[in-house]
Amino acid sequence: MGEHSTTEEGHSLRGPIDRAALLAIREVFNTDEPLATAELDDYLDPKRLEVTYDDGLRGADTARIDVQWTTQNDYTFHYTDSRGVNLRWGKHPHNNDYVNVRGLEHYHSPPNASSDPSEVEASCITQSPEKLVTRAVLKLWRVAYHAESVSRLNAESNPP
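Residues numbered from 1 in each chain as written. Predicted model: local features only at pLDDT ≥ 70, side-chain atom pairs only at ≥ 80, totals over all residues. Heavy atoms only, no water.

Chemist: How should unusual backbone geometry be read in this particular structure?
Modeler: Residues other than glycine predominantly adopt negative phi, and peptide bonds predominantly adopt the trans conformation. Here the residue pair Pro110 and Pro111 is connected by a cis peptide bond, since its omega of 10° sits within 30 degrees of zero. On the secondary structure map, Pro111 appears in the loop between strand S6 (105–108) and strand S7 (120–122). Although it is not a glycine, Arg58 adopts a positive phi angle of roughly 45°. Mapping Arg58 onto the fold places it in the loop between strand S2 (49–53) and strand S3 (63–69). Of the residues examined, Arg58 reaches a relative accessible area of 41% and is grouped as partly exposed. Phi at Glu148 takes a positive value of approximately 50°, unusual for a residue other than glycine. Within the secondary structure, Glu148 sits in the segment after helix H2 (130–147). (Helix = DSSP H or I, 4+ residues; strand = E, 2+ residues; numbered from the N terminus. Buried < 20%, exposed > 50% of the residue type's maximum accessible area, 1.4 Å probe, protein only.)

Rendered as structure tokens:
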């Protein structure tokens, strides 16, 4: 599974990483998702929360969601799995003119989480508190997991 960097995507998260928010997000994953284990990449000075799954979407053996959350409440949840599928939910300024996105919340669809302006969609997640965003991501992932389809990963109403 590949590394994820927001600078490579033409995106920029505002503000430093919010350790307290990542700890709250870690608690939600570790409490609410039995297939996942969430740990900070560095406990004292984290850059991201790494959530590893014992299973993935549509037949993937393993998966991971890398989470970044800043003190400005910008975020990215980047899913990648052993089959090479990538997707992202994000809220942050973007350098590209995404024709289908009015605000900061957006979604990069699978299989490659393209940043092509015509392929990025407005996100169905428009809540801001880190625990609500995390629960929305978990619900969307679970719906896709049980349906064995990625088509509903951004198709729910807010909050999902």
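Chemist: So what exactly am I meant to see when it comes to the packing of helix H1 (residues 19–32) against H2 here?
Modeler: Two elements in contact, H1 and H2, have axes whose closest approach is 9 Å; the angle formed by their N-to-C orientations is 35°. Classified by chirality, the crossing of H2 by H1 is right-handed. Contacts between H1 and H2 involve Ala21, Ala24, Ile25, Glu27, Val28, Phe29 and Asp32 from the first element and Glu130, Lys131, Thr134, Arg135 and Leu138 from the second. Taken together, the residues of the contact of H1 with H2 sort by class into six nonpolar, one polar and five charged. (Axes fitted to C-alpha atoms, helices over the stretch in contact; angles between N-to-C directions. Left-handed = near helix turned anticlockwise from the far one by under 90°. Contact = heavy atoms within 4.5 Å. Nonpolar A, V, L, I, M, F, W, Y, C, P; charged D, E, K, R; others polar.)

Chemist: Help me understand the sheet that holds strand S4 (residues 75–81) in this model?
Modeler: Hydrogen bonds between backbone groups are what pair the strands of a sheet, and the pairing can be parallel or antiparallel. Spatial strand order, S1-S2-S3-S4-S5-S6-S7: seven strands in an open sheet with antiparallel pairing. The open sheet terminates on both sides in strands that have one partner only, identified here as strand S1 (36–40) and S7. Direction aside, the axes of adjacent strands within the sheet are offset by 15° on average. Sheet analysis places S1 next to S2, joined by five bridges and oriented antiparallel. Bridging from a neighbouring strand, Glu39 pairs with Glu50 of S2. The sheet strands contacting H2 are S2, S3, S4 and strand S5 (86–91), and the helix crosses S4 at an angle near 25°. (Pairing = 2+ DSSP bridges.)

Chemist: What's the story with the environment of Glu121 in this structure? I'm lost.
Modeler: Mapped onto the fold, Glu121 is located in strand S7. Judged by its relative accessible area of 32%, Glu121 is partly exposed. Remark: the alpha-carbon pair of Glu121 and Glu105, spanning 16 residues in sequence, is separated by 8.8 Å. Excluding its chain neighbours within four sequence positions, the residues that come into contact with Glu121 are Asn100, Val101, His106, Tyr107, Ser109 and Asn154. There is a polar contact of 3.1 Å between the side chain of Glu121 and the side chain of Asn154. (Polar contact = N/O pair within 3.5 Å; in protein donor to acceptor, adjacent residues only side chain to side chain.)

Chemist: Even after reading the chapter, I still don't get the pairing of S3, so can you show me in this structure?
Modeler: Regular strands show a simple pattern: their side chains alternate between the two faces of the sheet. Among the seven residues that make up S3, seven are buried, leaving the element largely enclosed by the rest of the structure. Of the two faces of S3, the one holding Ala63, Ile65, Val67 and Trp69 and the one holding Arg64, Asp66 and Gln68 are both buried throughout. Pairing between S2 and S3: five bridges, direction antiparallel. By the bridge assignment, Leu49 is partnered in S3 with Val67. Taken together, the seven bridges between S3 and S4 define a ladder with antiparallel strand orientation. Across the sheet, Ala63 pairs through a bridge with Asp81, a residue of S4.

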